[in-house]
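Listed here are the chains, written in short residue letters.
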Protein chains: 2
Amino acid sequence: MSGGLGRFFGIGVGPGPAGMIPLAAFSALQQADLILVPRAKHVDRSIAKQCLNGLGLPESKFKEIIYNMDPDRAEVEEHYRRLAEDIVRDLKDGRTVAYLTIGDSLTYSTYGYLVGALLRALPDLEHKTFPGITSYCALAAAFDWPLGQGKETTLILPCPDDMAVLRRQIETHDVVVLMKIGKRLNDVLGLLKHIGVIGNCVFASRLGLPGEVRSNNLVEFEPDDSIGYLSTILIRRDGKGLRRGAAILSDRVAELPVEEVSIGVP
Amino acid sequence: MSGGLGRFFGIGVGPGPAGMIPLAAFSALQQADLILVPRAKHVDRSIAKQCLNGLGLPESKFKEIIYNMDPDRAEVEEHYRRLAEDIVRDLKDGRTVAYLTIGDSLTYSTYGYLVGALLRALPDLEHKTFPGITSYCALAAAFDWPLGQGKETTLILPCPDDMAVLRRQIETHDVVVLMKIGKRLNDVLGLLKHIGVIGNCVFASRLGLPGEVRSNNLVEFEPDDSIGYLSTILIRRDGKGLRRGAAILSDRVAELPVEEVSIGVP
């Protein structure tokens, strides 16, 4: 690959556990010379990297990028501008570079800033963004919880501070996917109880990762304040939609070691 | 596996092309004795099966299930009740059965009916539902189009018949993911032009499949009436969100033959 410009891949690794990454994105990781893994300053291991555990990618390809959670916009833009400069150097050396995000690459993600900065610097860059499994699709699958049926509306909502705003959103949509709950978790559970929809809801924090908490019985759920990070709640205004579909929790799920995967060439 | 009950896997294969299925779900398909692929009565090949082309799964494992598009609810429930009876027979013979859906298994999907019917018939069934890549995440990735940033709201909306309803939804949400557009495509484009947001939108039909149509220049887009099936539009009320992020179309995307994938056991 010497001489020409390297390629760039943006990859959503899914929400954890390992094995939620699509085959084509994994193929791209195998072709990459350098895999950049973002790690939040306050955690000791990159979550994106944990989502690739046990898949046999060589440790030497990985490089951690430290970032601040919830910085102001100017800081975000400056972070990605500097990161893009570093990546441009590697690409000009002919190296193929991959950048990981948790979940889907473009769903409530700052990856857009990075790819924008790269394409402004290198308009001829050969690049590909791979979509990923979102945390809320993984949560729905864990509980067989139907995410919209027929003509229903589904709202994806970063958790508002004001519970009156959240209440209005729940009352005007069939399904609400509540993200970025953080320290508001107990306020949210109080509201869901108060308006009588808590029996239609499911919750997960760190789904598929070490320290996972999940529940489809939120009436009796008394969470620790610290689990709001990386947590999602699926809310349904009307329980009828659940009884028609599935939403039956079964703990008898099969465990599938991903090491057993092999792709046969036909 | 003779003697005991077989296992059941529900699998979202992604929106096409082949290779969007997660590693763990592909592993489950390799372990399945029988793979059920739904096919709409009016099409000659199962789209879900096309999403697995070239991955080396033996042809003999596949069995087509014919269904009607847009039947009434009673017909849907009866279809899945009968299908569940057939699957129960295979499971009781000790066979592991997988059922495919396009996109994500529980996003605007009738899969919930099937898994509900199965668990009512066999409460001890060992089963696992795998999430999949949604069509709208794949469309966002194709154009580096940010699907919600910061505190933005994202509405997933099956296309209403009444364009006044659609207009109100666009005006009250930051991002609208418009699905199930069908024959309303030209009406929708007319509305997007009229309210001045068409420059912020992207479109795809049959993304990643034969006959794909996609565009990030909808002002000059004059679609054939027939392409509304399996089509999605991503709509942004305010173009600022795009200019901050990426949404730069590059056709210089790398083609990655998925046959190159191999999973190394560490």
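Structure: see above.
Cut-offs applied
Residues numbered from 1 in each chain as written. Chains lettered and ligands numbered in written order. Predicted model: local features only at pLDDT ≥ 70, side-chain atom pairs only at ≥ 80, totals over all residues. Heavy atoms only, no water. Helix = DSSP H or I, 4+ residues; strand = E, 2+ residues; numbered from the N terminus. Buried < 20%, exposed > 50% of the residue type's maximum accessible area, 1.4 Å probe, protein only. Contact = heavy atoms within 4.5 Å. Pairing = 2+ DSSP bridges. Axes fitted to C-alpha atoms, helices over the stretch in contact; angles between N-to-C directions. Disulfide = S-S within 2.5 Å.

1. Section: the overall build of chain A
Right, on to step 1. Each helix and strand counted, chain A has 8 helices and 10 strands in total.
Right, on to step 2. Scored against the burial criterion, the 266 residues of chain A give a buried share of 59%.
Right, on to step 3. Counted over contacts in chain A with a minimum sequence separation of 6, partners at least 24 positions apart contribute 74%.

2. Brief notes about the environment of Val213 of chain B
Residue and element names in this part refer to chain B.
Right, on to step 1. Within the secondary structure, Val213 is located in strand E9 (residues 213-215).
Right, on to step 2. The sequence separation of Val213 and Phe203 amounts to 10 residues, and the corresponding C-alpha distance is 8.1 Å.
Right, on to step 3. Ignoring sequence-local partners within four residues, the contact set of Val213 consists of Phe203, Ala204, Ser205, Phe221 and Ile227.

3. Quick notes on the side chain of Gln169 of chain B
Right, on to step 1. By the secondary structure assignment, Gln169 of chain B is in helix H6 (residues 163-171).
Right, on to step 2. When sequence neighbours within four positions are dropped, the list of residues in contact with Gln169 of chain B reads Thr153 of chain A together with Leu155, Leu157 and Val176 of chain B.

4. Description of helix H1 (residues 23-31) of chain B
Right, on to step 1. With 7 of 9 residues buried, H1 of chain B lies mostly within the body of the structure.
Right, on to step 2. Turning to H1 of chain B, its buried residues number three or more, namely Leu23, Ala24, Ala25, Phe26, Ser27, Ala28 and Leu29 of chain B.
Right, on to step 3. Buried residues in H1 of chain B make contact with helix H1 (23-31) of chain A together with strand E1 (8-12), strand E2 (34-40), strand E4 (97-101) and strand E5 (127-130) of chain B.

5. Regarding the environment of Gly148 of chain B
Right, on to step 1. Counting through the fold element by element, Gly148 of chain B comes out in the loop between helix H5 (135-143) and strand E6 (154-158).
Right, on to step 2. Placed 28 residues apart in sequence, Gly148 of chain B and Val176 of chain B show a C-alpha to C-alpha distance of 9.6 Å.

6. Structural notes on the sheet that holds E2 of chain B
Residues and elements named next belong to chain B.
Right, on to step 1. Spatially, E3-E2-E4-E1-E5 is the arrangement adopted by the 5 strands of the open sheet, whose pairing is parallel. Pairing within the sheet leaves two strands with one partner each, and these edge strands are strand E3 (62-67) and E5. Within this sheet the neighbouring strands show an average axis-to-axis angle of 20°, counted without direction.
Right, on to step 2. Sheet topology places E1 next to E5; 4 bridges connect them, and they run parallel.

7. So, the pairing of strand E10 (residues 231-236) of chain B
Residues and elements named next belong to chain B.
Right, on to step 1. Counted residue by residue, E10 has 6 buried out of 6 residues, so it is predominantly covered.
Right, on to step 2. Burial of E10 is two-sided: the residues Ser231, Ile233 and Ile235 facing one way and the residues Thr232, Leu234 and Arg236 facing the other way are all buried.
Right, on to step 3. Bridge count between strand E7 (residues 175-179) and E10: 4 bridges; the pairing is antiparallel. Following the sheet pairing, Val175 is matched in E10 by Arg236.
Right, on to step 4. For strand E8 (residues 202-205) and E10, the ladder comprises 4 bridges, and the chain directions are antiparallel. Residue pairing across strands places Phe203 opposite Ile233, the latter belonging to E10.

8. Focus on the sheet that holds strand E5 (residues 127-130) of chain A
Residues and elements named next belong to chain A.
Right, on to step 1. Read from one edge of the open sheet, 5 strands run E3-E2-E4-E1-E5, paired in parallel fashion. Two strands lie at the open edges of the sheet, namely strand E3 (62-67) and E5, each paired on one side alone. Strand-to-strand, the axes of this sheet are offset by a mean angle of 20°, without reference to chain direction.
Right, on to step 2. In this sheet, strand E4 (residues 97-101) lies alongside strand E1 (residues 8-12) in parallel orientation, the contact comprising 5 bridges. Looking at E4, one finds that Phe9 is bridged to Ala98.
Right, on to step 3. Contacts between H1 and the sheet are confined to E1, strand E2 (34-40), E4 and E5, with E1 contributing the most and set at about 135° to the helix.

9. Points about the state of the cysteines
Right, on to step 1. For the structure shown, the criterion picks out 0 disulfides over all chains.
Right, on to step 2. Its sulfur unpaired, Cys137 of chain B is 6.7 Å from the next cysteine sulfur, which belongs to Cys137 of chain A.

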